[in-house]
Structures are given as C-alpha cells and as structure tokens.
Amino acid sequence: MTEYPQLWGGLECTVNRVHEHYGDQIRLSGHQDRLEDLDRFAELGIKAIRYPVLWERTSPDDPDQCDWAWSDQRLSRLRELGIRVVAGLIHHGSGPRYTSLVSDDFAEGLATHARHVAERYPWIEDWTPVNEPLTTARFSALYGHWYPHLRSEGDFWLALLNQVDATRLSMRAIRRINPAARLIQTDDLGRTYATAALRDQATFDNMRRWTGWDLLCGKIDRSDPFWKRIAAFGLEHRLQAILDDPCPPDVIGINHYLTSDRFLDHRLQRYPRHLHGGSETQLYADVEAVRVLDPPSQGLEGAIREAWERYRLPVAITEVHNGCTREEQLRWMAQAWDVATRLNDQGVPVEAVTIWSLLGSTGWNTLLTRPGVYEPGVWDVSSGQPRPTAMASLVKALATKAARPPVTTEAGWWHRPVRMVHPPVQRPAPITQHIAGSRGPTSPQPLLICGATGTLGQAMARACSLRNIPFILTSRQDLDLSDRASIGAALERLRPWAVVNAAGWVRVDEAETEESACLLANALGAIALAEACEREGIPTLSFSSDLVFDGTKGSPYVESDAVSPCNSYGRSKARMEAGIAELSGQHLIARTAAFFSPYDQYNFATAVVSALARGEEFHAASDLVVSPTYVPHLVTASLDLLIDGEAGLWHLTNGQALSWADFAKSIAEICGHDPSRVHAVAHHAFGWPAPRPANVALATAQGPQLPSLLSAMEHFAQHFREQSMQNAA
C-alpha cells in the first residue's frame, strides 16, 4: 500500500499571452537549456513532477505540426529516473495564436494536442490538461490582464466553459489511448470574507470558486443557482452538454497561497488607494485576509477539508510556495507537509504535497503583465546557474523523515502579530489554529551575532526579529574575538546553529596608524572565531570589503579573487579572507561595498541628506567609483545564503557602479533635495590618510542578485523619513 502524502515537484511553466507577447517561464528560469535539472530534481526524492508538454510550445503555428525534440529528451530522462509525470498541456495560457480562450475551436484544439501527446507518450498516466481554469478565466476574460483581455461576466463564463470542455475532450482522447489515465484537476481555492455590507459579494465569490470542479463533476444542474446565471449569457446548451457527459477528477489539486483568502471591506478609508476596487454595484477594498482578520482565515487546512467534504475525492496540494525570505519559505513548506500528514491520519486522503516551484518564478508580482521580480524556489537561478537553497535540504528531510533545518521550528509571519498591516477586523466565527508541526524546544538553538554596537550587527538583529529567527546579539564583553578562551566559552554556553561575525574595525583612515589593532579585529579574531566554529561543526558568516582591491585591474568590474589592497584596512580584510579560505568547514564570506542605511547616522547617504536638510552644501569625490550596498538588502541576502548552507566567497551589492559624487546627487534627488547643492571634487581635497582605490566596482561573480540601486535608494528614502519622524517624536 502506498504511503501518503507523497512529495511531488512542480516546475513553474506558465506560457501566457499579453497582447502580442508570449511570456515563457521555462525560458526565464533557464530550464529550456538544462537537461541536467532533471537529475537535480531526482535527488530530492520526489515521486512525481508536474511537467509541461504545452500546446503553445509544441504546436505554435499549426495544430498538426508538432515539435517533440525538447519533450522527447526530457520525458525520456524523467522516465529513466523513475519520476512519474503529471503532464500539463496548458498553463495559464490561451493557446497558440490561431485560437483563444473564447474561440469556438479552443476545446477541440486542445483535445487534438492531448491526443498527439498521449500517442507520443502512452506511458503517462497522470494529466492536468488545463491548469487553474477558473483563475485563468478571471485574469483573461473578467479582469482583462491576459489575452484576450476581456472584461465581462459573459466572456468569463465562456472562457471557463471552454476550458472545462477542453479538459473533458482531452481526457476522452487520452483515455482512448490509455484507459488508466487520471485527471488531476488544479485550481486556486481561496475563501472570501467580508463586512456585513458586502456579504452578498462574498457569498457569490465563495460559490463561484467551486464552479470549475463542480462542472467537471456534473454538480451544476438546473437546480443550481449558477445554471440560470450562466445560461442567461446564451450558454445553456453548453451547460447541458457538460452535465450529460461530465469528467470528474481523480484527484482534486488545490493550489493555495498565504494570500489566497481575501477580505472585502466597504470602508475604503481604512486602506490605501491601490487596494480599492469593486463590482459594478459596490465599491470596496480587496485585501489579503491574513493581513486583517483576527483570528485569521481558515487557510490551507480549511480549504482541504472543504474540498474533501464537497467531493469526497482524493486531494493533492499541487502548489506550495511562499515568495518571502528563506526561513519563511521553509516554514510554509513544512506547515503544508504537516497539514497533509495530519489530515491523512484523520481519514482525509491527501495524496501529495507539491514543491512549487523547483526553479522559482519570475514576474508574479506584476501578474505576468510586465517584467517583475524573481522569486527563488528549491534552486535559485538568479545568477544563471541553479544554486540549491535550504529548501532542498528541507525537502530531502521530509522525504526521509530526517531532522529539519532549525529555523523551521518557529512560527511563520502568518502566525505572528507582524502579519497585521491593516486595522484588525474581528472574524465572527471562531476557528482552530494549526501551527506547523511541533514548535520545537522551549529554547531553540539561536543564531549568534557578534557585533552588538555596529551597523551590521544591529541590522542583523532587526532582520532576525522581523523574520522570527531566534538570535543572541553579543558585544565584546560577552564574546571577545581576541581571546580564544572567550570564543570557546561562548560557543559552549550558547550552542548556536550558526554564527554571524558582524564585528570588526570600520575606521579606514585610522587603520593607517593603528594597523595592528585593525588586523586583530578584522583578521586574527575573525579567523580564530571561524576555527573555533569549525571544531564544533558550526557554520559561519563573515563580511569582507571591496577595499581588498586596489582598483587598477583595468576593468570597471572586479571579478577576480586576486586581491591587492592599497591600504591597511583592505589588507586586514584580505588576510581574513585568506585565513578563513584555508579552513574546510562551512564558512561563508560576503564581500560587499560601501554601506548605506537609514538606521546609521554615520554612513555616507545619511550624511548627504542630513547636511542638505540643514541647508548646507555637500562635497563628494568625483574620481572614485564604488558599488553602494543597502544594508537591509545585504542582510536579507546573506541570511538567506547562510540558511541555504552556502560557503565560500560571494559578492553582494546593489549592482551599480558610480562615483561618490553621483551617488550623493542621486540620494539628494530621491530624498527631495536639490542635487545641485552636491559639489563634485577630487578625492585628494579631503586629505584622507588612507589611499583609496580609484575603481572598485564589484560585479556579482557569485551570489544572488540584490534589488537595483534605484530600488535601494527608494527604500532608503522611505525608511529615512520614517526614522526621522520617530526620532523627532
């Protein structure tokens, strides 16, 4: 007997059309050209994978002209690896250019493609001909985001019925070739909550969310309230045809996200304008229920229970993803697994939990309507090559029932007060809360952060507080890096799961006259800490500097590890890098550039804004090129890498090189000051004791892509204003 739940994998494979442009997630992730990805997937221990054999990619110009080269190679390899395929034929798409979601030939066209695929791969038993038909119909024909960009209820129902018919006809064609073929029908299953004034709208939304599955199951007949509503658009004959020949799913595939449940509120003044919307008859704010309801919405477990009670068919969680920081991704995946396991134990058959997406996804923050943000998955492909994240370790642990990463034992943001970003609304009915698995020991292993008084140490502590990562922030009195006995005693007493060394010498010019003290703080102490951690098997994170370069490489971007510092501070960091590199343990070094942060009164950006706010002029060097790094972004990326178990040297900056003077002008303008009051001068005018390299722009030779410098400066301006108001209060 098969033990459930199983672990499945999912590849974000959307090919959707926006006007005349087709977006292809398979190409965006680089999977198009990496057959070896499949071997990576197999190492996770997954039993099945949702994999694309998409109509738009296979027959883009003619339904009877099929290009199988890409699919042949990959499906053959998956079969060799023993991974069962759940074949997807259309994924948030509207078909090739010769059809659309509202075309009369859409259903027959997809059925023809399904027949071709089944004839080519008769061994495939699990199928999802149309992914999320209800969601796709909403976005394409009701809201107008995707092709054919329609915005009417009649077009919405037509698009939905076309996809339901496409599913029925496709499965009929497939089962003529493979009678054992199973239909795994996916859709989002979010619940809508509302104020009393919007009760009718919420009731309608909550009934409508079932219609895709209800139609396939033959549950919408003349007694159903949706029969009359849909029939009014001239579609009664289509409803009758579906009722006469339904195609119930073998498995109900639930795609449920932390933002799936919604709350509608007629009190628009309580919410920002971008959340305002409404129907033809009512205006309201549409917000994430998790951000406003107290107690929160029913969530994933409630959705699964509802689906089981409604259909009494096996259920699979067919997408599990959280576009957030790494530990929150881990917590959401762990919670989904624990929910599935618990429900199986209670007699609700949850067949699988699907890791989504293995290679991440791009552009969902813009609903795929324009270029957007990349969100890593089990692998991070932002650098062009897949890098396993901590999700890989968690998935393997779930598959083998091994110990999970330490940060998964804490509650996710959706269980913490930080989730509330709007005035709370009392949820009328009580619900039972289920937090992921065991909350772990009462005193979980902490992350040890050295450097309590510094900008970086404080930033690390703020990030850990927000991310619910237990930490201990130590000062020199608690842990003296110049004293090996002090290091050993602290590690023995605190038992951290990892150590972040955010301590060290920061005064570049004073290092010229106090080189031995700088060397002790930045190099010898850091190496001693790493050595002590290695003996205990504890990972470390340390920070280096662009000043390990002299800026004379002849290139605007330094990607070489051949360091040649021109000042004492740079020599101390180079010594630290070399000493830690000689160790064999899990030691991560983030090499970064000039910090700026709204929470540090001594950094360059703060000095610019403060001087201009006082009515002063500001002078900055025009002949020194740097890559400014926004501290909150640096901390987020480096913590993710630490959780992922990475080691070695990584470059982390916001990706743009410019002179100090140009940086000052940009900061001035974005913070609302006159950039002409920033004066560009040669750096020699400042009389700095320490030599400065002329050009130390760091390229991301290895590492995740931080947000752009423009985005970083915008964040700085916003948080600087907030911090200034708090200080004034």
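Keep in mind that this is a model prediction, so the values were computed, not measured. (Residues numbered from 1 in each chain as written. Predicted model: local features only at pLDDT ≥ 70, side-chain atom pairs only at ≥ 80, totals over all residues. Heavy atoms only, no water.)

**Student:** Before we move on, could you go through the pattern of salt bridges and cite the residues and values that matter?
**Tutor:** The final tally for this structure, using the stated rule, is 52 salt bridges. The salt bridge partner of arginine 182 is glutamate 351, with a shortest N-O separation of 2.8 Å. Taken as a pair, arginine 182 in strand E7 (residues 182–188) and glutamate 351 in strand E15 (residues 350–356) lie far apart in primary sequence, 169 residues in all. Given a relative accessible area of 21%, arginine 182 falls into the partly exposed group. Salt-bridge contacts for glutamate 531 lead to arginine 484; the nearest nitrogen and oxygen are separated by 3.0 Å. Taken as a pair, glutamate 531 in helix H16 (residues 515–536) and arginine 484 in helix H15 (residues 484–494) lie far apart in primary sequence, 47 residues in all. A network of salt bridges, in which partner residues are shared, links Asp165, Arg168, Arg172, Arg238 and Asp245. (Salt bridge = Lys/Arg side-chain N within 4 Å of Asp/Glu carboxyl O. Helix = DSSP H or I, 4+ residues; strand = E, 2+ residues; numbered from the N terminus. Buried < 20%, exposed > 50% of the residue type's maximum accessible area, 1.4 Å probe, protein only.)

**Student:** I'd like to hear about unusual backbone geometry, residue by residue, with values.
**Tutor:** A cis amide bond, omega 0 degrees, links tyrosine 4 with the succeeding residue proline 5. Locating proline 5 in the fold gives a position in the segment before strand E1 (6–10). Here the bond from tyrosine 147 into proline 148 is cis, since omega is 10 degrees, no more than 30 degrees from zero. Note on placement: proline 148 falls in the loop between helix H6 (133–142) and helix H7 (153–177). Located in the positive-phi region is leucine 368, a residue other than glycine, with phi close to 60 degrees. With respect to the helices, strands and loops of the structure, leucine 368 is situated in the loop between strand E16 (361–362) and strand E17 (374–375). For asparagine 468, which is not glycine, the phi torsion reads 55 degrees and is therefore positive.

**Student:** Before we move on, could you go through the packing of aromatic side chains and cite the residues and values that matter?
**Tutor:** Two aromatic rings, taken as a pair, are described by how far apart their centres are and by the angle between their planes. Summed over all chains, the structure comprises 25 aromatic pairs. Between phenylalanine 41 and tryptophan 379, the aromatic rings sit 5.6 Å apart at their centres with planes inclined by 55 degrees, giving tilted as the arrangement. On the criterion of sequence distance, the pair formed by phenylalanine 41 in helix H2 (residues 37–43) and tryptophan 379 in strand E18 (residues 379–380) is long-range, its members being 338 residues apart. Comparing phenylalanine 41 with tryptophan 379 shows no difference in burial state: the two are buried. Ring geometry for phenylalanine 139 versus tyrosine 143: centroids 5.9 Å apart, planes at 40 degrees, classification tilted. Given the relative accessible area of 12%, phenylalanine 139 is considered buried. For tyrosine 143, a relative accessible area of 30% puts it in the partly exposed group. Taken together, the aromatic side chains of Phe596, Phe604, Phe618, Tyr630, Trp660, Phe663, Phe716 and Phe720 make up a single cluster linked through ring pairs. One cation-aromatic arrangement involves arginine 17 over tyrosine 147; the distance from NZ or CZ to the ring centre is 3.7 Å. When the ring centre of phenylalanine 156 is taken as origin, the NZ or CZ atom of arginine 208, which lies over that ring, is 5.6 Å away. (Phe/Tyr/Trp six-rings, centres within 6.5 Å; stacked < 30°, edge-to-face > 60°. Lys NZ or Arg CZ within 6 Å of the ring centre and 35° of its normal.)

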